[in-house]
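# Understanding the architecture of this molecule
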Amino acid sequence: MLKILLPTIMLLPTALLSPQKLLWTNTTTHSLLIAAISLHWLLPTYYPHKNLTQWMSTDQISSSLLVLSCWLLPLMILASQNHLQHEPLIRKRTFITTLITVQPLLLLAFSATELMLFYITFEATLIPTLILITRWGSQPERLSAGIYLLFYTLISSLPLLVTILYLHTHIGTLHLTMLKLSHPTLTTSWTDLLLSLALLMAFMVKAPLYGLHLWLPKAHVEAPIAGSMLLAALLLKLGGYGIMRLTLLIGPLPSHLHYPFLTLALWGALMTSSICLRQTDLKSLIACSSVSHMGLVIAASILQTHWSFSGAMILMISHGLTSSMLFCLANTTYERTHSRILLLTRGLQPLLPLMATWWLLANLTNMALPPTTNLMAELTIMIALFNWSALTIILTGIATLLTASYTLFMLLMTQRGTLPTHITSLQNSSTREHLLMTLHITPLLLLILKPEMISGIPL
């Protein structure tokens, strides 16, 4: 574990002390090396815990998310180069440092074996994202977006802290390995029902559940590209991961806690997909689509069966890569046209034909076309939900139909149609952008060859 964490922390002096010419090169290559080393976590094992130290361990649920968080740092640095090129050197350093500080916090959050450490790192990831949004966002509304993000997260996570402290006084330990051995403490009384509700609530806001998702489109629209990638690919996964981790430990969920969350998640998947069809803003559309995908993850991880857990794991990883890629693509058009409105950025296919290929690939993975891992995940989740109750097939079926339709709508709006008259010339797409898209899509296409690595099931 330390062989990843220490180099990650050493990225900070690298970013602060590199000469101006080598700043981007050094940070990108160093973080790519860390990402390459972290791939060895993906080896499936029989052991419930690998690399077990007193505070941290990796197991089948967390290892793929850990690798994802290592993989996305170089991609975020790559994506941010263009919009930072006119900034003074000290600001570039500050930006890269902010990006780098998120990674150790995420690694600690995903690999913590102690609930208090998990809570602290879970909350600490909020600070760098807040700095990214409120300092490097592109519009003055970024301040209200930051306030939304801050207050939604804080109000939901204070009850979580209280519950964790309550569990500590009752059990005497917060180690996950010890909690597995103790009896489930939360029974069916009213207080315990409220406590398990408080446990779930913080993660539901983070993941976002429909109804608690209002901060997400705001934050995504105002954030710079690195902030958007970080939010979509990693911070939403903290919510799903927390649900999967904690619900298993506090015993089986009472059934009347099941129903509202499951119905809200599935109904939210349907509703946000139909909201996507009416969006005018490209980044807001992608943000709403990630709400609908994470609704499936929440529904699956509340069910707590083996099938639904592995489906939720695969969907989290593949959604992380897909939506991050879509945000990068939206950013490439935004940097050229300086507009996110779909009507003003139509018909770009004849101008940037290679980018149109990337758009097509990203949209096809987003709407879960075979042979992508997204399809495998959605099918697994739907089968698990159908097994639980046959009526859910109506909601999930309509949601997939709507997902396909808004994805195609996005593709047709951005790539097809007549070119708007105000676009006279565009920059060519650079090698950096193509490399960025390749690094997003290759893992997605390769993972279907061996999905056991991310399915969260010991072989």
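Residues numbered from 1 in each chain as written. Predicted model: local features only at pLDDT ≥ 70, side-chain atom pairs only at ≥ 80, totals over all residues. Heavy atoms only, no water.

## Describing the overall build of the chain
Worth spelling out the cut-off: Starting at the N terminus, helices and strands are each numbered in turn, a helix being any DSSP run of H or I of at least four residues and a strand any DSSP run of E of at least two. With C-alpha atoms as the basis for the radius of gyration, the globule rule is written as 2.2 Å multiplied by the number of residues raised to the power 0.38. Burial classification: accessible surface area is computed with a 1.4 Å probe over protein chains only, and a residue below 20% of its type maximum counts as buried, one above 50% as exposed, and the rest as partly exposed. The contact definition used throughout considers only heavy atoms, calling two residues in contact when any of these lie within 4.5 Å. All accessible areas in this document rest on Shrake-Rupley with a 1.4 Å probe, and a residue is counted as covered only by the protein chains that are shown. Neither His nor the chain ends contribute to the count of charged residues, in which Lys and Arg are positive and Asp and Glu negative. To locate a charge, take NZ of a lysine, CZ of an arginine, CG of an aspartate or CD of a glutamate.
Looking only at helices and strands, the chain features 18 helices and zero strands. Taken over C-alpha atoms, the radius of gyration comes to 21 Å for the chain, in line with the 23 Å a tight globule of 459 residues would show. Across its three principal directions, the C-alpha atoms of the chain cover 65 × 55 × 45 Å. Residues classed as buried in the chain amount to 60% of the 459 residues present. Residue pairs at least 24 apart in sequence account for 82% of intrachain contacts in the chain once pairs closer than 6 positions are excluded. As presented, the chain carries roughly 18,000 Å² of accessible surface, and 72% of it is formed by carbon and sulfur atoms. Side-chain charges in the chain split into 21 positive and 12 negative, and the spacing between the mean points of these groups amounts to 8 Å.

## Digging into unusual backbone geometry
Residue proline 371 follows proline 370 across a cis peptide bond; omega there is 5°. Its location among the elements puts proline 371 in the loop between α15 (353-366) and α16 (373-388). For glutamine 304, which is not a glycine, the phi torsion comes out positive at approximately 65°. Here glutamine 304 lies in the loop between α13 (282-303) and α14 (306-337). Positive phi values are uncommon outside glycine, yet histidine 338 reaches one of about 55°. With respect to the helices, strands and loops of the structure, histidine 338 is situated in the loop between α14 and α15.

## Some words on the environment of isoleucine 393
You can see isoleucine 393 is positioned in helix α17 (residues 392-415). Taking the C-alpha atoms as reference points, isoleucine 393 and methionine 271, separated by 122 residues in sequence, lie 15 Å from one another.

## Observations concerning the nonpolar core
Heads up, the condition is: Within this scheme, the nonpolar core is defined by two criteria: the residues are buried Ala, Val, Leu, Ile, Met, Phe, Trp, Tyr or Cys, and they are joined through side-chain atoms within 4.5 Å.
Leu160 and Met204 are the most contacted members of the largest nonpolar core, which totals 142 residues. For this core, the element with the highest residue contribution is helix α11 (residues 225-249), accounting for 16 residues.

## Examining the pattern of salt bridges
Let me state the cut-off plainly: Salt bridges are identified by distance alone: a Lys or Arg side-chain nitrogen within 4 Å of an Asp or Glu carboxyl oxygen.
This model, assessed by the stated rule, comprises six salt bridges. Put simply, arginine 91 and glutamate 87 hold a salt bridge, and the shortest N to O gap is 3.5 Å. Residue class for arginine 91 comes out partly exposed when judged on its relative accessible area of 36%. For arginine 432, the salt bridge goes to glutamate 433, with nearest N and O atoms at 3.8 Å. Across the pair, exposure class does not vary: arginine 432 and glutamate 433 are buried alike. Several salt bridges share partner residues, and in doing so they unite Arg336, Arg432 and Glu433 into one network.

## Observations concerning the environment of leucine 39
Here leucine 39 lies in the loop between α2 (23-38) and α3 (60-79). Once the C-alpha coordinates of leucine 39 and leucine 282 are considered, the two residues, 243 residues apart in sequence, prove to be 33 Å apart.

## Examining the packing of aromatic side chains
Spelled out, the test is: Side-chain rings of Phe, Tyr and Trp (the six-membered ring for Trp) are treated as a pair once their centres are within 6.5 Å; stacked means planes under 30 degrees apart, edge-to-face means over 60, and tilted covers the remaining angles. The criterion is that NZ of a Lys, or CZ of an Arg, lies within 6 Å of the ring centre and within 35 degrees of the ring normal, and then a charge sits over that ring.
Scanning the entire structure with this criterion turns up eight aromatic pairs. Through a chain of ring-to-ring contacts, the aromatic side chains of Phe110, Phe118, Phe122, Phe203 and Tyr241 assemble into a single cluster. Over the ring of phenylalanine 122 we find lysine 206; its NZ or CZ atom is 5.5 Å from the centre of that ring. A cation sits over an aromatic face here: lysine 218 above tyrosine 148, 4.7 Å from the ring centre.

## Details of the side chain of glutamate 123
Structurally, glutamate 123 is set in helix α5 (residues 115-124). Not counting residues within four places of it along the chain, the set of residues in contact with glutamate 123 comprises Thr153, Leu154 and Ser157.

## Regarding the UniProt feature "domain: NADH:quinone oxidoreductase/Mrp antiporter transmembrane" (unreviewed entry) in the chain
Put simply, the rule reads: UniProt positions are given in the numbering used here, feature names are shortened, and annotations may be inferred rather than shown by experiment.
Per the UniProt record, "domain: NADH:quinone oxidoreductase/Mrp antiporter transmembrane" (unreviewed entry) is annotated on residues 112-403. Annotated as 77% helix and 0% strand, the span residues 112-403 places its first and last C-alpha atoms 35 Å apart.

## Some remarks on a nonpolar patch on the surface
Heads up, the condition is: Residues with no salt bridge and a relative accessible area higher than 30% make up the patches, which join like charges within 9 Å and nonpolar side chains (Val, Leu, Ile, Met, Phe, Trp, Tyr) within 5 Å.
A grouping of Phe386, Leu391, Ile393, Ile394 and Ile398 is seen on the molecular surface, where their side chains present a nonpolar patch of about 470 Å² in accessible area. Take the nonpolar patch: its biggest share by element is three residues, from α17. Here isoleucine 394 lies in helix α17.

## Here's the deal with the packing of helix α6 (residues 126-136) against helix α7 (residues 142-171)
To keep it simple, the criterion reads: All axes are obtained by fitting lines to C-alpha atoms, using only the stretch in contact for helices, and the reported angles, taken between N-to-C directions, cover 0 to 180 degrees. Any angle between 65 and 115 degrees counts as roughly perpendicular, while under 35 counts as roughly parallel, over 145 as roughly antiparallel, and the rest as oblique. Handedness of a crossing follows from how the near helix is turned relative to the far one, being left-handed for an anticlockwise turn of less than a right angle and right-handed for a clockwise one. Three residue categories are used. Nonpolar comprises Ala, Val, Leu, Ile, Met, Phe, Trp, Tyr, Cys and Pro, charged comprises Asp, Glu, Lys and Arg, and polar comprises the others, including Gly.
Relative orientation of the contacting elements α6 and α7 amounts to 165°, with a least axis distance of 8 Å. For the element pair α6 / α7, the angle class is roughly antiparallel. At the point where α6 passes α7, the crossing takes the right-handed sense. Note on element contacts: α7 touches α6 through Arg142, Leu143, Gly146, Leu149, Leu150 and Thr153, opposite Leu126, Leu130, Ile133, Thr134 and Arg135. Residue composition of the contact of α6 with α7, grouped by class: six nonpolar, three polar and two charged.

## Examining the packing of helix α10 (residues 215-222) against α13
Where α10 meets α13, the axes come as close as 9 Å, and the angle between the chain directions of the two elements is 140°. Accordingly, the angle class assigned to the pair α10 and α13 is oblique. Here the hand of the crossing between α10 and α13 comes out right-handed. Here Leu216, Pro217, His220 and Val221 of α10 lie close against α13, whose contacting residues are Lys283, Ser284, Ala287, Cys288, Ser290 and Val291.

## Some thoughts on the side chain of threonine 396
What counts is decided by this rule: Pairs of N or O atoms are called polar contacts if they sit within 3.5 Å, as long as, within protein, a hydrogen donor faces a hydrogen acceptor (for residues adjacent in sequence, only side-chain-to-side-chain pairs).
Relative to the helices and strands, threonine 396 is located in helix α17. Separated by 3.3 Å, the side chain of threonine 396 and the backbone oxygen of isoleucine 393 make a polar contact. In contact with threonine 396, other than residues within four places in its own chain, are Leu266, Leu296, Met382 and Leu385.

## Here's the deal with α6
For an α-helix, 3.6 residues make a turn, and residues three or four places apart therefore share a direction. The set of residues buried in α6 consists of Leu126, Pro128, Thr129, Leu130, Leu132, Ile133 and Trp136. Buried residues belonging to α6 abut α4 (89-111), α5, α7, α10 and α11.

## Quick notes on α5
Within α5, seven of the ten residues are buried, which leaves the element mostly enclosed by the surrounding structure. Of the residues making up α5, those classed as buried are Leu115, Phe118, Tyr119, Thr121, Phe122, Glu123 and Ala124. Here α5 starts with a cap whose side-chain oxygen sits 3.2 Å from the backbone nitrogen of methionine 116, and that cap is glutamate 114.

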